[in-house]
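Here is what each chain is made of, one letter per residue.
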Amino acid sequence: MVEKFKTKKKCIEYLEKQRWSDNPICPYCNSTKNTSKPKEFRHTCHQCGKSFSVLVGTIFESTKLPLTKWFVAIGLILNAKKGISSLQLSRDLNVNKNTAWYLQKRIRQAMQDNSLTLKGIVEIDETYVGGSLSNKHYYKKLESGKYHKTGMEHKVPVLGMIEREGKIILKVLEKASAKDIRPFVKLKIEPNSTIVTDGFGGYTGLKDHFDNHVVLNHSQYERKNNQFNTCTLEGFWTLIKRAFIGQYHKISRIHMQSYLNELAFKHNNKYLNMFNLLINNLLHVNYATI
Ligand SMILES: [Zn+2]
């Protein structure tokens, strides 16, 4: 995909198609009458007389970074199934660390989908992220669904909700408590759904809101072999925990949420759509308000 965008011209042509369907609109007065100046990648408005490019008012205008770098960065991020560190991104793009960090942050913001809701059979589970895997006994989950409390001060609780063979929502919680979990679950899952959870107290009281609430209180073996289970989320927990190994005292919740947004975006969208969707989101993100 990215091979197509080796020059500024190719990038601009693509963005013009995405933003205007090839009919430029003046961002200052909304007139559709203008003259193109292809060499400068700009248009002159007949109504207000101003000159504009497709980048005006978009995130791409806010940096001096060449467009081709943006496109390569998007390609690298989309191709890295588990994500890519901003350090690796800076090496691959040959830009400094701050620029790579900025790019990653903005691209991840464009991956956020606040309007998504889930339905059908939806597994819900929670985990704690942080610390090295050698410390994992500190946050061992008990059969009852409760956790050992020792050593968890530095760990960040994460909630996952996934449709059977469908979409996923991942969220950093303030606390893994009913107060934090219940309103979010109600907001993001349609009421005529079947939710599947373990016996953790954070999920009690949801039965009345949903068509069905299957509570798994069985052994690990039974859980995996039950037609209802929360096994799909296990793979995500492993991935997320690996990504944050060693960040024991300094996990930033904002950083973690943006990584979760990236994982969910990649799971929820087909590869071919991801590129277009991301570019469209970037064109519409109002960078001034973020
Ligand atoms: Zn105008």
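Okay, so let's go over this structure. What you are looking at is a predicted structure, and each value in this text was computed from that prediction instead of being measured. (Residues numbered from 1 in each chain as written. Predicted model: local features only at pLDDT ≥ 70, side-chain atom pairs only at ≥ 80, totals over all residues. Heavy atoms only, no water.)

Details of the pattern of salt bridges
So, point 1. All told, the structure shown has five salt bridges when counted by the stated rule.
So, point 2. Taking the shortest distance from any N to any O, the salt bridge between K9 and E13 comes out at 3.0 Å. Of this pair, K9 and E13 both sit in helix 1 (residues 8-20), four residues apart, roughly one helical turn.
So, point 3. A salt bridge links R108 to E262; the nearest nitrogen and oxygen atoms lie 2.6 Å apart. Pair noted here: R108 is in helix 4 (residues 97-109) and E262 is in helix 8 (residues 253-268), with a separation of 154 residues, a long-range link. Here R108 and E262 have matching classes, each one buried. (Salt bridge = Lys/Arg side-chain N within 4 Å of Asp/Glu carboxyl O. Helix = DSSP H or I, 4+ residues; strand = E, 2+ residues; numbered from the N terminus. Buried < 20%, exposed > 50% of the residue type's maximum accessible area, 1.4 Å probe, protein only.)

Points about the packing of helix 1 against helix 2 (residues 67-79)
So, point 1. With their axes 8 Å apart at the nearest point, helix 1 and helix 2 run at an angle of 70° to one another. Put simply, helix 1 runs roughly perpendicular to helix 2. On helix 2, the residues touching K8, C11, I12, Y14 and L15 of helix 1 are L67, T68 and F71.
So, point 2. Residues of the contact of helix 1 with helix 2, tallied by class, amount to six nonpolar, one polar and one charged. (Axes fitted to C-alpha atoms, helices over the stretch in contact; angles between N-to-C directions. Parallel < 35°, antiparallel > 145°, perpendicular 65-115°, else oblique. Contact = heavy atoms within 4.5 Å. Nonpolar A, V, L, I, M, F, W, Y, C, P; charged D, E, K, R; others polar.)

What about the environment of T32?
So, point 1. Along the polypeptide, T32 turns up in the loop between helix 1 and strand 1 (34-37).
So, point 2. Take T32: its relative accessible area is 54%, and that puts it in the exposed class.
So, point 3. A sequence separation of 15 residues divides T32 from Q47, and the C-alpha atoms of the two residues are 8.8 Å apart.
So, point 4. Each residue touching T32, except ones within four places of it in the same chain, is listed here: P24 and I25.

From the geometry alone we can't say anything about function, so treat these as descriptive.
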